[in-house]
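Coordinate analysis (summary)
Each chain, written out:
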Amino acid sequence: MGQAPSLIVHETEIPWNDKSGDRLREWMGISRDIFYDKKKVAILPVGFCYPGKDKTGDKPPRKECFRLWHHQFLEHMPAIQLVVLLGTYAHAAFLGSRRKSSLTATVKAWREYAPKNLPLPHPSPLNNLWMHKNRWFEREVLPEVARRVHVALT
């Protein structure tokens, strides 16, 4: 669960078909073929359309998308074993008041949301500085991400 499609994704109509998607698949330890296999992976952004550009990146996903559509989609996906929540918009939408005061605090507390939810930072290259400042994420969380994805896919 990410925030909303990037402009590249919007233009190609292929979700996560950008550098963020490459990083996400690397984190998950899966190939493009597995990632795009609809029988194995469901891709459901917080927002369903490209929200446009902002000063430092893309605008936030439109709020009405989540309220209008997610419960309807999720009703048809009862066998979901793992929900990977990517970035603060997904954390807010799915965790609500259970999320912590910051993205970093929420990701550090990832064990509290187990077994179904796994809050992560957005894999965007815009988060390279966050990744650099939070080396624990790569050491402690990413191996668990790949492990939990593997378990969910088997």
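All figures in this text were calculated on a predicted structure; none of them were measured in a lab.

**Side note on the overall build of the protein chain**
- The helix and strand tally for the protein chain stands at 8 helices and 2 strands.
- The helix and strand sequence of the protein chain, counted from the amino end, reads α-α-α-α-β-α-α-β-α-α.
- Radius of gyration (C-alpha) of the protein chain: 15 Å, near the 15 Å computed for a compact globule of 154 residues.
- With respect to the principal axes defined by its C-alpha atoms, the protein chain has extents near 35 × 35 × 30 Å.
- Looking at the protein chain residue by residue over its 154 residues, the buried ones come to 41%.
- Within the protein chain, residue pairs in contact and separated by at least 24 positions form 60% of the contacts whose partners lie at least 6 positions apart.
- Summed over all atoms, the accessible surface of the protein chain reaches about 9,300 Å², with 54% contributed by carbon and sulfur.
- Positive and negative charge centroids in the protein chain, built from 24 and 15 side chains respectively, lie 5 Å apart.

**As for the packing of aromatic side chains**
- Counted according to the given criterion, the structure contains 6 aromatic pairs.
- When the ring of Trp136 is compared with that of Phe137, the centres are 6.2 Å apart and the planes differ by 90°; the resulting orientation is edge-to-face. Phe137 matches Trp136 in its accessibility class, with the two residues each being buried.
- Ring pairing ties together the aromatic residues Trp27, Trp130, Trp136 and Phe137, which thus form one cluster.
- Its end group placed over the ring of Phe35, Arg25 keeps NZ or CZ at 5.1 Å from the ring centre.

**What about the environment of Asp18?**
- Checked against the element boundaries, Asp18 lands in the loop between helix H1 (7–12) and helix H2 (19–28).
- You can call Asp18 buried: its relative accessible area is 14%.
- The sequence separation of Asp18 and Lys53 amounts to 35 residues, and the corresponding C-alpha distance is 16 Å.
- Within the structure, the side chain of Asp18 is placed 3.3 Å from the backbone nitrogen of Ser20, a separation counted as a polar contact.

**Here's the deal with the confidence of the model for the protein chain**
- Model confidence for the protein chain is summarised by a mean pLDDT of 89, while 94% of its residues fall at 70 or above.
- The secondary-structure element of the protein chain with the lowest mean pLDDT is H1, recorded at 70, while helix H6 (residues 103–108) shows the highest, at 98.

**Looking at the nonpolar core**
- With 23 residues, the main nonpolar core has Trp27, Leu120, Phe137 and Val145 as its most contacted residues.
- Those elements that provide at least two residues to this core are H2, strand S1 (83–86), H6, strand S2 (117–120), helix H7 (128–133) and helix H8 (135–153).
- If you tally residues by element for this core, the top one is H8, at 6 residues.
- If near-sequence neighbours (up to four positions away) are discounted, Leu120 is found in contact with Trp27, Val84, Leu85, Leu86, Gly87, His91, Leu103, Val107, Phe137, Val141 and Val145.
- Val83, Leu95, Ala109 and Tyr113 belong to the second-largest nonpolar core, a separate cluster that totals 7 residues.

**Things to note about the pattern of salt bridges**
- As enumerated under the stated definition, the model contains 4 salt bridges in all.
- Among the ionic pairs, Glu112 bridges to Lys100, the shortest N-O distance being 2.8 Å. Of the two residues, Glu112 is situated in the loop between H6 and S2 and Lys100 in the loop between helix H5 (88–95) and H6; the sequence distance between them amounts to 12 residues.
- By relative accessible area, which is 32% here, Lys100 ends up partly exposed.

What counts, and where the lines are drawn
- Residues numbered from 1 in each chain as written.
- Predicted model: local features only at pLDDT ≥ 70, side-chain atom pairs only at ≥ 80, totals over all residues.
- Heavy atoms only, no water.
- Helix = DSSP H or I, 4+ residues; strand = E, 2+ residues; numbered from the N terminus.
- Rg over C-alpha atoms; globule rule 2.2 N^0.38 Å.
- Buried < 20%, exposed > 50% of the residue type's maximum accessible area, 1.4 Å probe, protein only.
- Contact = heavy atoms within 4.5 Å.
- Areas by Shrake-Rupley, 256 points an atom, 1.4 Å probe, with all protein chains shown as cover.
- Lys, Arg positive; Asp, Glu negative; His and termini not counted.
- Charge placed at Lys NZ, Arg CZ, Asp CG, Glu CD.
- Phe/Tyr/Trp six-rings, centres within 6.5 Å; stacked < 30°, edge-to-face > 60°.
- Lys NZ or Arg CZ within 6 Å of the ring centre and 35° of its normal.
- Polar contact = N/O pair within 3.5 Å; in protein donor to acceptor, adjacent residues only side chain to side chain.
- pLDDT = per-residue confidence, 0-100.
- Core = buried A, V, L, I, M, F, W, Y, C linked by side-chain atoms within 4.5 Å.
- Salt bridge = Lys/Arg side-chain N within 4 Å of Asp/Glu carboxyl O.

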